Amino acid sequence: MPVTDAVIPVAGLGTRLLPATRSQPKEMLPVLDRPVVQHVIEELVAGGIGRVLFVTGKRKRAIEDHFDADPELGSAPLIDPRAGLQILYTRQPRPAGLGDALRYAEGFAEGRGVLVALGDALIEPAPQAAGPGIVRRLIDAYEEGGVAAVIAVERVPDHAVSRYGIVVGRQRADGLLEVSSVLEKPDPASVPSRMAVAARYVLSPAVLAQLQLTAPDASGEVQLADAFRALLERGERILAVPLAPGERRHDIGTVASYSATFLRYALRDPRFGAQLREQAAALLAELDG
Ligand code: UTP
């Protein structure tokens, strides 16, 4: 069955971005002229998604306001109406981890596979993107059939391994990985792989069902990696799709990563980039003496 539904979990507290996130969602922080979560929605629509469920929570109502029609603010629709996008919302009662947030999507999925896109991470297309983006490639891999999940992965340097879920697997002739394990924030010395989970997945009904049975970890959070592990132990297959050369994941979850992402998108923007580069060069000359 084709995958046309997506889930965007946005119920986390955003503590690493305090005080900016005291009363506004981190997913609503702008990257250039639009909030992060609008970039995410545009990426999903380009990948063929027609229905989105946001899993929201406390202090996240600005996201719903943002996607409402608002004739007072001008006539241009936020999302091209030809996409026919339908947006739905549900709430995670308390932030008990990404795995827990996804439990609230089981009814929405109605027994079909869903794409999952983290609401605080952008995937920047490769500069000369010729082929389909990561959302489409994940869905295509899932639709080949026979897999419980497909995970986007990105090669990261040694020092970043302990910050991410790391996928271990065997590379196939077509470049995809047949996953043997997913380790949450491992010690780089303990794993051979440098392929980090990159904020986009396709999950089958089996993963959503497994999450309902997955116990919270020592910190009280339900981890998606634990559900993957249980499924692999039962002999289910999981594939990983690497980001293409030049395709980049940008998390905006810390002050440093958010600032760097904003700067990058601003300097590369066809409308404002040239002028901003001049201003940045002048500022750097001034600051560096
Ligand atoms: P993160 O772990 O990066 O977000 O989750 P966080 O928990 O908000 O961050 P800190 O550690 O407090 O700074 C990745 C995505 O999953 C969502 C977040 O909103 C974010 O978009 N999430 C996370 C949930 O929806 N529920 C949760 O319980 C945790």
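Model, not experiment: these values are computed from the prediction. (Residues numbered from 1 in each chain as written. Predicted model: local features only at pLDDT ≥ 70, side-chain atom pairs only at ≥ 80, totals over all residues. Heavy atoms only, no water.)

S.K.: Help me out: how do you make sense of helix 9 (residues 273-287) in this one?
M.R.: For helix 9, with 15 residues, the first-to-last C-alpha span of 20 Å sits near the 21 Å given by 1.5 Å per residue. Note on helix 9: the residue one or two positions beyond its end, G289, has a positive phi of about 70 degrees. (Helix = DSSP H or I, 4+ residues; strand = E, 2+ residues; numbered from the N terminus. Expected span 1.5 Å × (residues − 1).)

S.K.: Just to check I follow, could you spell out the pairing of strand 8 (residues 149-155) for this structure?
M.R.: Each regular strand shows side chains that alternate between the opposite faces of the sheet. Most of strand 8 sits out of view: six of its seven residues are buried. Sheet topology places strand 8 next to strand 12 (residues 238-242); five bridges connect them, and they run parallel. The residue bridging I151 from the neighbouring strand is A240, located in strand 12. (Buried < 20%, exposed > 50% of the residue type's maximum accessible area, 1.4 Å probe, protein only. Pairing = 2+ DSSP bridges.)

S.K.: How should I be thinking about the nonpolar core in this particular structure?
M.R.: General note: in soluble globular proteins, nonpolar side chains tend to be found buried as a group. Counting 41 residues, the largest nonpolar core has L44, F54, L115 and V150 as its most contacted members. With six residues, helix 5 (residues 134-143) is the single largest residue contributor to this core. The residues touching F54, leaving out its near neighbours within four places in the chain, are I8, V10, V37, I41, I63, F67, I87, L88, Y89 and T90. Residues A121, V167, L177 and L203 belong to the second largest nonpolar core, which totals 37 residues. (Core = buried A, V, L, I, M, F, W, Y, C linked by side-chain atoms within 4.5 Å. Contact = heavy atoms within 4.5 Å.)

S.K.: Whenever I open this one, a negative patch on the surface confuses me. Can you help?
M.R.: A cluster of acidic residues, D65, D68, D70 and E72, forms a negative patch on the protein surface. Of note, E72 is situated in the loop between helix 2 (61-67) and strand 5 (86-91). (Patch = residues over 30% accessible without salt bridge, like charges linked within 9 Å, V, L, I, M, F, W, Y side chains within 5 Å. Areas by Shrake-Rupley, 256 points an atom, 1.4 Å probe, with all protein chains shown as cover. Salt bridge = Lys/Arg side-chain N within 4 Å of Asp/Glu carboxyl O. Lys, Arg positive; Asp, Glu negative; His and termini not counted. Charge placed at Lys NZ, Arg CZ, Asp CG, Glu CD.)

S.K.: Is there a simple way to think about the layout of surface pockets in this case?
M.R.: Here the idea is plain: a probe the size of a water molecule rolls over the atoms and shows the empty space left. By volume, the largest pocket is sized at about 1,400 Å³. In terms of lining, the largest pocket is formed by 46 residues, of which the most central are R16, L118, D120, R163 and K185. If you list the elements that add at least two residues to the lining of the largest pocket, you get helix 3 (98-103), strand 8, strand 10 (177-184), strand 11 (195-203), helix 7 (224-233) and strand 13 (248-251). Partitioning the lining of the largest pocket into residue classes produces 20 nonpolar, 14 polar and 12 charged. Considering the residues around the second largest pocket, the lining is formed by 31 residues, among which I123, E124, P125, A126 and Y265 are closest to the centre. (1 Å grid on protein atoms, 1.4 Å probe; cavity = no way out; pocket = protein on both sides within 12 Å on 5 of 7 lines; lining within 4 Å. Points joined across faces, edges and corners; volume = space filled by probe spheres on them. Nonpolar A, V, L, I, M, F, W, Y, C, P; charged D, E, K, R; others polar.)

S.K.: Is there a simple way to think about the site of the ligand in this case?
M.R.: In the region of the ligand, 18 residues are neighbours, and A11, T15, E27, Q92 and G97 sit closest. With respect to the ligand, the side chain of R16 contributes an N or O atom lying 2.8 Å from an oxygen atom. Between the ligand and K26, the relevant distance is 2.9 Å, taken from an oxygen atom to a side-chain nitrogen or oxygen of the residue. With the chains in place, 83% of the 570 Å² that the ligand exposes on its own is no longer accessible. Spatially, the ligand is embedded in the largest pocket. (Near = heavy atom within 4 Å. Polar contact = N/O pair within 3.5 Å; in protein donor to acceptor, adjacent residues only side chain to side chain. Sits in = over half its atoms within 2 Å of the grid points.)

S.K.: It is not clear to me how empty space enclosed by the protein should be interpreted in this structure. Could you clarify?
M.R.: Across all of its chains, the model carries one cavity of 30 Å³ or more by this definition. Size it by volume and the largest cavity reaches roughly 50 Å³. By residue class, the composition of the lining of the largest cavity is two nonpolar, four polar and four charged.

S.K.: Help me understand helix 5, please; the structure alone is not making it clear to me.
M.R.: An α-helical turn contains 3.6 residues, so a residue and the one three or four places further along point in the same direction. In terms of burial, helix 5 is largely enclosed, as seven of its 10 residues are buried. Within helix 5, the full set of buried residues consists of I134, V135, R137, L138, I139, A141 and Y142. Residue G145 follows helix 5 closely and has a positive phi angle near 95 degrees.

S.K.: I would appreciate a short explanation of the packing of helix 6 (residues 205-213) against helix 7 in the present structure.
M.R.: Between two packed helices, the angle of one axis relative to the other and the distance separating the axes together describe the packing. Their axes nearest at 9 Å, the elements helix 6 and helix 7 cross at an angle of 110 degrees. Here helix 6 lies roughly perpendicular to helix 7, going by the angle between them. Relative to helix 7, the crossing made by helix 6 is right-handed. Facing helix 6, whose interface residues are A206, V207, Q210 and L211, helix 7 presents L224, A227, F228, A230 and L231. (Axes fitted to C-alpha atoms, helices over the stretch in contact; angles between N-to-C directions. Parallel < 35°, antiparallel > 145°, perpendicular 65-115°, else oblique. Left-handed = near helix turned anticlockwise from the far one by under 90°.)

Everything listed is a geometric property; what it means functionally is a separate question.
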